[in-house]
Amino acid sequence: MLLELQGVGKRFESAGGGAVLEILKDINLSVEAGESLAVVGPSGSGKSTLLNIIGALDRPTTGRVAFEGRDLAALDDDALAELRSRRIGFIFQAHHLLPQCSVLENVLVPTLILRDADLKASAEVRARELLQRVGLTERIAHHPGQLSGGERQRVAVVRALINRPKLLLADEPTGALDAGTASQLGELLVELNRDLGVTLITVTHAAGLAERMGRRLELRGGTLVQSSEANNP
């Protein structure tokens with residue numbers, strides 16, 4: 001088991017100790033290594049909040065989150081940062097590429113914390129291999145402003161994979177793309193999940209992307225209310 005959530009809840013108090021806004025309620029979820037999972041639901045249902053908690057970007061108000069058997073509540077901020085940088089990859093709707101850097105340089109940003117020269121050299125080899133895999137070899141020296149929206153998002157996918165994460169989290173990864181480009185990116189994510197064995201969790205409004213995942217959960221009113229098997233090609 002890669003990931004386990006037990007009784008996870010998240011609430012926020014308004015300024016001055018007023019009303020309490022409950023975002024997530026008693027979330028229970030188990031994810032095995034190598035799975036692909038979509039979380040769907042209306043806007044405001046708590047999908048991104050859930051993903052942030054899974055990715056150790058936020059802490060739950062109640063409940064327990066365990067990653068590879070480690071209780072995240074027992075980790076300090078430095079240990080959580082290490083976990084995020086080495087074990088979890090993130091893809092967002094906005095690609096967050098650095099405009100002044102080339103495609104290759106953007107992909108290698110997560111490796112800047114590496115101190116070992118050999119590890120840095122192998123990271124560049126991996127970056128070039130992954131860029132070739134996603135069809136961006138000819139764009140390796142280009143800057144983000146010279147790329148299409150789909151190409152920029154593919155760069156973001158490679159950047160998320162550069163440190164060989166066990167878990168890939170995608171928050172509306174196709175939300176800013178046209179239908180054709182979104183379909184191509186969805187196919188790429190499925191291929192990477194299958195071929196690299198990286199566990200994939202995506203939150204999305206896109207029915208087509210959700211249907212490509214091996215499992216689909218619905219988040220409504222802060223609670224997981226429905227589970228269904230998707231038709232993974």
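Caption draft 1: How the structure looks around the sheet that holds strand E4 (residues 62–67). Taken together, the four strands give an open sheet; going across it, the order is E2-E1-E4-E5, and neighbouring strands pair in antiparallel fashion. The strands lining the two open edges of the sheet, one partner per strand, are strand E2 (20–31) and strand E5 (70–71).

Caption draft 2: Seen up close, the layout of surface pockets. Considered as a void within the structure, the largest pocket measures approximately 300 Å³ in volume. In this structure, the largest pocket is lined by 17 residues; those nearest its centre are Arg-84, Ser-85, Ile-88, Phe-90 and Pro-110. Taken together, the elements giving at least two residues each to the lining of the largest pocket come down to helix H2 (77–87), strand E6 (88–92) and helix H5 (149–161). Sorting elements by how many residues they give to the lining of the largest pocket places E6 first, with four residues. Its residues assigned to classes, the lining of the largest pocket shows 11 nonpolar, four polar and two charged.

Caption draft 3: Expanded view of empty space enclosed by the protein. Scanning the model with the defined rule gives one cavity of 30 Å³ or more in all. Approximately 40 Å³ is the volume found for the largest cavity. Leu-51, Asn-52, Leu-57, Phe-90, Phe-92, Leu-169 and Asp-171 are the residues that line the largest cavity. Contributions of two or more residues to the lining of the largest cavity are made by helix H1 (47–54), E6 and strand E7 (167–171). In the lining of the largest cavity, the residues fall into five nonpolar, one polar and one charged.

Caption draft 4: Quick peek at the pattern of salt bridges. Applying the stated rule across the entire model yields 10 salt bridges. Among the salt bridges present, the one from Arg-133 reaches Asp-195, with a minimum N-O distance of 2.5 Å. Remark: Asp-195 occurs in helix H6 (residues 179–196) and Arg-133 occurs in helix H4 (residues 117–133); sequence separation between them is 62 residues. Across the pair Arg-139 and Glu-151 runs a salt bridge, and its minimum N-O distance is 3.2 Å. With Arg-139 in the loop between H4 and H5 and Glu-151 in helix H5, this residue pair connects regions lying 12 residues apart in the sequence.

Caption draft 5: Representation of a nonpolar patch on the surface in the model. A cluster of nonpolar side chains, namely Leu-98, Val-109 and Leu-112, defines an oily patch on the protein surface of about 240 Å² accessible area. Structurally, Val-109 can be placed in the loop between helix H3 (103–108) and H4.

Caption draft 6: Highlighting the side chain of Gln-153. Following the sequence through the fold, Gln-153 ends up in helix H5. With residues near it in sequence (within four places) discarded, Gln-153 still touches Ile-91, Phe-92, Gln-93, His-95, Pro-173, Leu-177 and Leu-185.

Caption draft 7: Broad picture of the pairing of E6. The buried fraction of E6 is high, at four of five residues. Taken together, the five bridges between E6 and E7 define a ladder with parallel strand orientation. Across the sheet, the residue bridging to Ile-88 is Leu-167, located in E7.

Caption draft 8: Summary view of the packing of aromatic side chains. The full count for this structure, using the stated rule, is one aromatic pair. A centroid spacing of 6.1 Å and a plane angle of 0 degrees characterise the contact between Phe-90 and Phe-92, whose relative ring orientation is stacked. Relative accessible area serves as the criterion here: at 18%, Phe-90 is assigned to the buried category. With a relative accessible area of 29%, Phe-92 lands in the partly exposed category.

The rules behind these values
Residues numbered from 1 in each chain as written. Predicted model: local features only at pLDDT ≥ 70, side-chain atom pairs only at ≥ 80, totals over all residues. Heavy atoms only, no water. Pairing = 2+ DSSP bridges. Helix = DSSP H or I, 4+ residues; strand = E, 2+ residues; numbered from the N terminus. 1 Å grid on protein atoms, 1.4 Å probe; cavity = no way out; pocket = protein on both sides within 12 Å on 5 of 7 lines; lining within 4 Å. Points joined across faces, edges and corners; volume = space filled by probe spheres on them. Nonpolar A, V, L, I, M, F, W, Y, C, P; charged D, E, K, R; others polar. Salt bridge = Lys/Arg side-chain N within 4 Å of Asp/Glu carboxyl O. Patch = residues over 30% accessible without salt bridge, like charges linked within 9 Å, V, L, I, M, F, W, Y side chains within 5 Å. Areas by Shrake-Rupley, 256 points an atom, 1.4 Å probe, with all protein chains shown as cover. Contact = heavy atoms within 4.5 Å. Buried < 20%, exposed > 50% of the residue type's maximum accessible area, 1.4 Å probe, protein only. Phe/Tyr/Trp six-rings, centres within 6.5 Å; stacked < 30°, edge-to-face > 60°.

All quantities given are derived from atomic positions and should not be read as evidence of function.
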